[in-house]
Each structure stands twice: as C-alpha cells, then as structure tokens.
Amino acid sequence: MHGGYVARQRVTTAVHSKLLRLSGAAAARVGPGSIVNLASSDVRRLEDVGPFWPFLFAAPLETVIIAVLLAARLGAVPALAGVAPVLAFVPLQGALSRRIGGLRRATAACTDKRARVLAEAVHGALAVKMLGLEPATRARVDAARAAEAVPTLHSARIRALNMALFFLVFPLSCFFMFAAVAAGGASRRLSVADVFFALSLLRLPQLYVAIFFLRAVETTSELVASLARLDAFLATPEPPPPPHAAGGDAPPPGVAIAFRGCNFEWPPGALAGDGSVRAKTGEGGGAVVAPPPPSSPSARASIDAGPPGPALSGVSLDIAQGELVGIAGAVGSGKSALLLSLLAELDAAGPPSTHPLVRGTVSYCAQTPWIMSGTVRANVVDFGADDGGVDETRYAAALAAAALTPDIARMPGGDGAEIGERGVNLSGGQRARVALARAAFARADVALLDDPLSALDSRVAETVFAECIGPGSMLDGTTRLLATHAVRFLPRCDRVIILRRGAVAAVGRPADLAAWPELAVGAGAGVSVD
C-alpha cells in the first residue's frame, strides 16, 4: 500500500512537470479536462491496486493448496468438484476484466468531455446569462453527464455481478463437493471433523478469490487503461524552450529581439488572419509601406478578419535594447500572438533557423493577469527577489509605479492581505496592476505587456503608463513590447508595429504612421480583448 502511495505521488509530480514543459498550444490539444482527470482519477489507480495485486498470484496458489488438502482428506474427485466453481471463477473474471478496462477508457473519455463542457459553462457564465443560453448550456451539460453515465452504469452492473458471485461461490463449492462424495459411494462415512475441515477450507476462497482476487482484477484492469492514458500524455512531444532560455544563438549586438521570418500557428480550432500583407522596412526601421486612405474600402477590408490562416506570417524585424515598441491592430490581428511567439507558446511552422531570438530574461503580463493565491506582497516579490532577500526600496517603487500604493493602504493588513485564488478579492484593474508591479520588480531584460491598460480607467492608465511603462518610468531601459488598443499612448513609443491578419503591415516611428487607421484616435475605443 505504501508503494502504491509513493507511485501515485511520483506520477502526479511527473504529470505536473510535463505540463510545465508543454506550451499553451500543446496543452490545449490535450485539454484541461483531460489533464485534471489524469492528475486526479488516473493516478489514483496506482494507489488502488497496491493492496490487491499480490492476490493475482496468491489466490490461485491458495486454491491449488486447498484442492490438495481436500484430496488428501476426501479424495481427488470431491476435491476437484469443490474447487470447480472457484476455477470457473477465474476465466470469468478474465473476461470481465477486459470489459472493465474498456469501460474505464470510455468513462475517462466521457469524463474529459464533461469536465471541458462544465469548464466552458463556468468560465462563460456571464455570457450565458446575458444571451439567455441557459437551456442550451444545460442541455450540453446534461448530454455530457448522460454519456458519462452509460459506461459508469455498465461498470456498476459488473461490480454487482461480482458481489453476487461472492455469495454464490461458497454454497456452490459445498454443494458440488458433498454431491461428489455422495455419488462416489465413500468407503467411510463423513465425520463431523471431515465436514468442518472441508467447510473451513472452502470458506477461504470466498474471501481471497471472490473478493481480493476480484478487486485485484478490477484495479489492475483500470490501472492498465489509466497507464495507457498517462503514457500518451507523458509522450506528448515537447516544444523547444523559449528563445530566452534556449541557450543557442543570440541576437546581433545591440538587438534585444530578432524576428527572423518564422510562421506561427494557433492550436487546432483557433482562427487567425491570412497574413496577406507583409512588412517592408527600410533603413532605421522607418515605415516605407504607403498606407491606404483610412476611409477606403481596401483599408476596411484589410482590417476585417479574413479566412483562417497562420497566427503570424513571416515577421522579420529587429527590436533594439531598451526600446519601447507599441503594437497596434484590430481584434484578431495577431498582437497577442506576436508576444506568445517569443514565449514558445505557439507552434512554429518553420526551421529553427527562422525562430525568433531574445536576449536576456523575460517578464510577461498576460491579457488576463495571473494571480496566485496569497498576499499582494507574495504576488509581486516571489518571482523577482534576489538571493540576498527582497529589495524593499525597489518593492515600494514597483507598487508606486503600478499605482497600487493607495489601494494597499485601504486593504486590511496592507500588502499582507490575502487576495484569494486568481485574485478573487481584487478588481480587474487591481489584478492588472499587481501583474505590472511584478514585472517592474523583476527587472527583466525584456517585458512583454499584453494590453495591461485595458482594465484601467483613463486617469489610472495615464499614471501607470507614465510611471511604469513609458519613457522615464521604472521600466525605462528595459525592452518593452506593449500590445494595446489605447492608441493615445502609441505616440509616446519609440516605434509602432501595425499588424493585419497575422502579418506586419508597417513598422516605424509614430509620426510616420499617423495616417494609418489603426493609429487614428478612437480606433481602439471600447475594445479590451485581442
């Protein structure tokens, strides 16, 4: 039993370690419901089989010993007749074990689907309520549960049959044994001692064969099915490490990020633009692509979503160290994809020689901020503290730059206040600013900022940009890529990248791109999701 517990813990650790090595694209193919099922239900089979697997060998051996002892006391024919029901029980359990294994695989697949449907319903609860989709969502959940109940019901029926066999084995064994004794015309009459001796021996298989052997067969069958699922997950191909952790080629001197024309794809099912527009840059990174008039039909057509295609197509440009680069574009144009490509979170559709290069360490602020359960202080300093301890001056500066100081002053317990799982006690703007404070405190060489200002009101957004992101801010000197719909901040960037349909349409100084519709005032109004 101890061995099963240890095996469960080690396999659980292996699943978690594998998940950390997978990219978002690879994890999306497996599915969150399947991963949760692997780490909860499938690994438990290792512990379940621990107490019973020895009876796969001990129970048949015990049956043979009982037959020998009965034959020595009552004769060979009564002994074989007495153990015949037990022997017939073994091939029956072999057939049932194969059935149980198939039902386990079917149940796991249905459980994965049900978990995925429930996760979608929970995460999209607001949209479901606003659009009145409760009946349709409930129908999907009920259908997933009904599909899961079918193999579960069959498994329950097999367990009920096994329980009935438990109560049936002993009476059948006694009946056949004493019937054989009576039919054989024994030379001597059975004594009370003979009867109780035989009954005592025949009672043993009822426990060790009809219960423990049965449980060993069931748990082993389920374990084989679970191990196949675990093996398939652990054998999932791992993507290459992110550019900043690959340890291979480095960007040219003075360059922090070098895109080298690689195409990137979303996980299956995701859509992006067709990438029909390519970037053309001249000396000094100035834009040399003539923009279409903002009101022309061709401009509008180029901004609207096109047919499915790569998330990014042929991006080739260099970003200097310490540069602040804004990324503009319509919804679905590839702004988030450009940042994720630098984290190896998308599938690269090109040779390694075309993969992007990143110099130094990287911090990342996602569109949906990641907040761990704990205190505000832990969320900021746990990922950027030096070995010598926390730099309190830098910590206070990071909180001030993210405009968190007034908020923390109002919290019970200050920065030691527990903020709950996923920042449940914080507003959307506070979660975004905690993530920005973490990036500012980390002092990484490259900061990837995916629309962190969208959840802030205009006054706070202006403060955060000036104190944390923009020129002269705490992140000044760090190479910053800022994807945003707040076009009012783009003129204060060193350069701006305009994306259309997954490709760079233009890149250059903000003044040179003022005629492009993506930089027009109001182009990003009301949009906060890329």
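Our subject is the structure listed above.
The rules behind the values
- Residues numbered from 1 in each chain as written.
- Predicted model: local features only at pLDDT ≥ 70, side-chain atom pairs only at ≥ 80, totals over all residues.
- Heavy atoms only, no water.
- Phe/Tyr/Trp six-rings, centres within 6.5 Å; stacked < 30°, edge-to-face > 60°.
- Helix = DSSP H or I, 4+ residues; strand = E, 2+ residues; numbered from the N terminus.
- Buried < 20%, exposed > 50% of the residue type's maximum accessible area, 1.4 Å probe, protein only.
- Lys NZ or Arg CZ within 6 Å of the ring centre and 35° of its normal.
- Patch = residues over 30% accessible without salt bridge, like charges linked within 9 Å, V, L, I, M, F, W, Y side chains within 5 Å.
- Areas by Shrake-Rupley, 256 points an atom, 1.4 Å probe, with all protein chains shown as cover.
- Salt bridge = Lys/Arg side-chain N within 4 Å of Asp/Glu carboxyl O.
- Pairing = 2+ DSSP bridges.
- Axes fitted to C-alpha atoms, helices over the stretch in contact; angles between N-to-C directions.
- Contact = heavy atoms within 4.5 Å.
- 1 Å grid on protein atoms, 1.4 Å probe; cavity = no way out; pocket = protein on both sides within 12 Å on 5 of 7 lines; lining within 4 Å.
- Points joined across faces, edges and corners; volume = space filled by probe spheres on them.
- Nonpolar A, V, L, I, M, F, W, Y, C, P; charged D, E, K, R; others polar.
- Expected span 1.5 Å × (residues − 1).
- Core = buried A, V, L, I, M, F, W, Y, C linked by side-chain atoms within 4.5 Å.
- Left-handed = near helix turned anticlockwise from the far one by under 90°.
- Arc of directions from axis to C-beta.
- Polar contact = N/O pair within 3.5 Å; in protein donor to acceptor, adjacent residues only side chain to side chain.

Asker: Sorry if this is basic, but what is going on with the packing of aromatic side chains here?
Answerer: Centre-to-centre distance and the angle between the planes together describe a pair of aromatic rings. The final tally for this structure, using the stated rule, is five aromatic pairs. Taking 5.5 Å as the distance between ring centres and 65° as the angle between the ring planes, the aromatic pair formed by Phe-175 and Phe-176 counts as edge-to-face. With 4.7 Å between their ring centres and 25° between their planes, Phe-465 and Phe-489 make a pair best called stacked. Taken as a pair, Phe-465 in helix 17 (residues 458-469) and Phe-489 in the loop between strand 9 (479-483) and strand 10 (495-500) lie far apart in primary sequence, 24 residues in all. Taking relative accessible area as the criterion, Phe-489 reaches 0% and is therefore assigned buried. In this arrangement the basic side chain of Arg-73 is found over the ring face of Phe-197, its NZ or CZ atom lying 4.8 Å from the centre.

Asker: Explain a nonpolar patch on the surface to me, please; I cannot follow it from the model alone.
Answerer: A grouping of Leu-126, Met-130, Leu-131 and Leu-133 is seen on the molecular surface, where their side chains present a nonpolar patch of about 480 Å² in accessible area. With respect to the helices and strands, the residue Met-130 is situated in helix 7 (residues 125-130).

Asker: What is the right way to read the sheet that holds strand 9 from this model?
Answerer: Within a sheet, each strand pairs with its neighbour through backbone hydrogen bonds, oriented either parallel or antiparallel. In spatial order, the strands read 7-8-9-4-10-11; together these six strands make up an open sheet with mixed pairing. The outermost strands of the open sheet, each flanked by one partner alone, are strand 7 (362-365) and strand 11 (503-508). Each neighbouring strand pair of the sheet contributes to a mean axis angle of 15°, computed without reference to strand direction. The pairing of strand 7 with strand 8 (residues 446-450) spans four bridges and is classified as parallel. By the bridge assignment for strand 8, Ser-363 is matched with Ala-447. This element, helix 17, spans strand 4 (324-329), strand 8 and strand 9 of the sheet and lies at about 160° to strand 9.

Asker: Hey, could you run me through the layout of surface pockets in this one?
Answerer: One water molecule sets the probe size; rolling that probe over the atoms shows where empty space is left. In this model, the second largest pocket occupies a volume close to 1100 Å³. Contributing to the lining of the second largest pocket are 31 residues, with Ala-27, Ala-28, Gly-31, Pro-32 and Ile-35 lying nearest its centre. Listed by contribution, the elements that provide at least two residues to the lining of the second largest pocket are helix 1 (2-21), helix 2 (24-30), helix 3 (32-42) and helix 6 (76-123). Looking at the lining of the second largest pocket, the element that brings in the most residues is helix 6, giving six residues. Partitioned by chemical class, the residues of the lining of the second largest pocket number 19 nonpolar, five polar and seven charged.

Asker: Mind showing me how you'd approach helix 16 (residues 428-442) here?
Answerer: Within an α-helix, residues lying three or four positions from one another point in the same direction, as the helix has 3.6 residues per turn. The terminal C-alpha atoms of helix 16 lie 22 Å apart, and with 15 residues this matches the ideal 21 Å at 1.5 Å per residue to within 8%. Among the 15 residues that make up helix 16, twelve are buried, leaving the element largely enclosed by the rest of the structure. Taken together, the buried positions of helix 16 are occupied by Gly-429, Gln-430, Ala-432, Arg-433, Val-434, Ala-435, Leu-436, Ala-437, Arg-438, Ala-439, Ala-440 and Phe-441. One or two residues past the end of helix 16 sits Arg-443, with phi positive at roughly 55°.

Asker: Looking at this model, I keep getting lost on the pairing of strand 1 (residues 255-260). Mind explaining?
Answerer: The side chains of a regular strand alternate, first on one face of the sheet and then on the other. Most of strand 1 sits inside the fold, with five of its six residues counted as buried. With five bridges joining them, strand 1 and strand 3 (residues 316-320) adopt antiparallel strand pairing. Residue pairing across strands places Ile-257 opposite Ile-319, the latter belonging to strand 3. As paired elements, strand 1 and strand 6 (residues 357-358) share two bridges and run antiparallel to each other. Note on strand 6: the bridge partner recorded for Ile-257 is Val-358.

Asker: Any chance you could explain the nonpolar core here in plain terms?
Answerer: Note on soluble globular proteins: their nonpolar side chains tend to be buried together. Among the nonpolar cores identified, the biggest contains 50 residues, and Val-380, Leu-453, Val-464, Cys-468, Ile-469 and Ile-498 are the most heavily contacted of them. Counting only elements with at least two residues in this core, the list comes to strand 4, helix 13 (376-381), helix 14 (392-401), helix 16, strand 8, helix 17, strand 10 and strand 11. Sorting elements by how many residues they give to this core places helix 16 first, with seven residues. Apart from the residues within four sequence positions on either side, Val-380 is in contact with Tyr-395, Leu-399, Val-434, Ala-437, Arg-438 and Phe-441. The next biggest cluster of nonpolar side chains, apart from the first, holds 28 residues, and it includes Ile-257, Val-325, Val-504 and Val-507.

Asker: Before we go on, may I ask you to explain the packing of helix 14 against helix 16 in this structure?
Answerer: When two helices pack together, you describe them by how their axes are tilted relative to each other and by the distance separating the axes. Closest axis-to-axis distance for the helix 14/helix 16 pair is 8 Å, and the angle between their directions is 145°. As for the relative orientation of helix 14 and helix 16, their crossing is right-handed in sense. On the side of helix 14, the interface is formed by Arg-394, Tyr-395, Ala-398 and Leu-399, while helix 16 contributes Ala-437, Ala-440, Phe-441 and Ala-442. Of the residues that constitute the contact of helix 14 with helix 16, the class distribution is seven nonpolar, no polar and one charged.

Asker: Just checking my understanding: could you explain helix 17 for this structure?
Answerer: Residues of helix 17 that are buried include every one of Val-460, Ala-461, Val-464, Phe-465, Cys-468 and Ile-469, and no others. Seen end-on, helix 17 carries its buried residues on one side only, within an arc spanning 135°. Exposed residues pointing more than 90 degrees away from the buried face of helix 17 are listed as Ser-458 and Arg-459. Here helix 17 starts with a cap whose side-chain oxygen sits 3.2 Å from the backbone nitrogen of Arg-459, and that cap is Asp-457.

Asker: Can you walk me through unusual backbone geometry in this structure?
Answerer: Glycine aside, negative phi is the norm for most residues, and most peptide bonds take the trans geometry. Of note, Arg-443 is a non-glycine position whose phi angle comes to about 55°, a positive value. By the secondary structure assignment, Arg-443 is in the loop between helix 16 and strand 8. Using a relative accessible area of 49% as the deciding quantity, one classes Arg-443 as partly exposed. In this structure, Asp-451 is a non-glycine residue whose phi angle is positive, near 50°. Note on placement: Asp-451 falls in the loop between strand 8 and helix 17.

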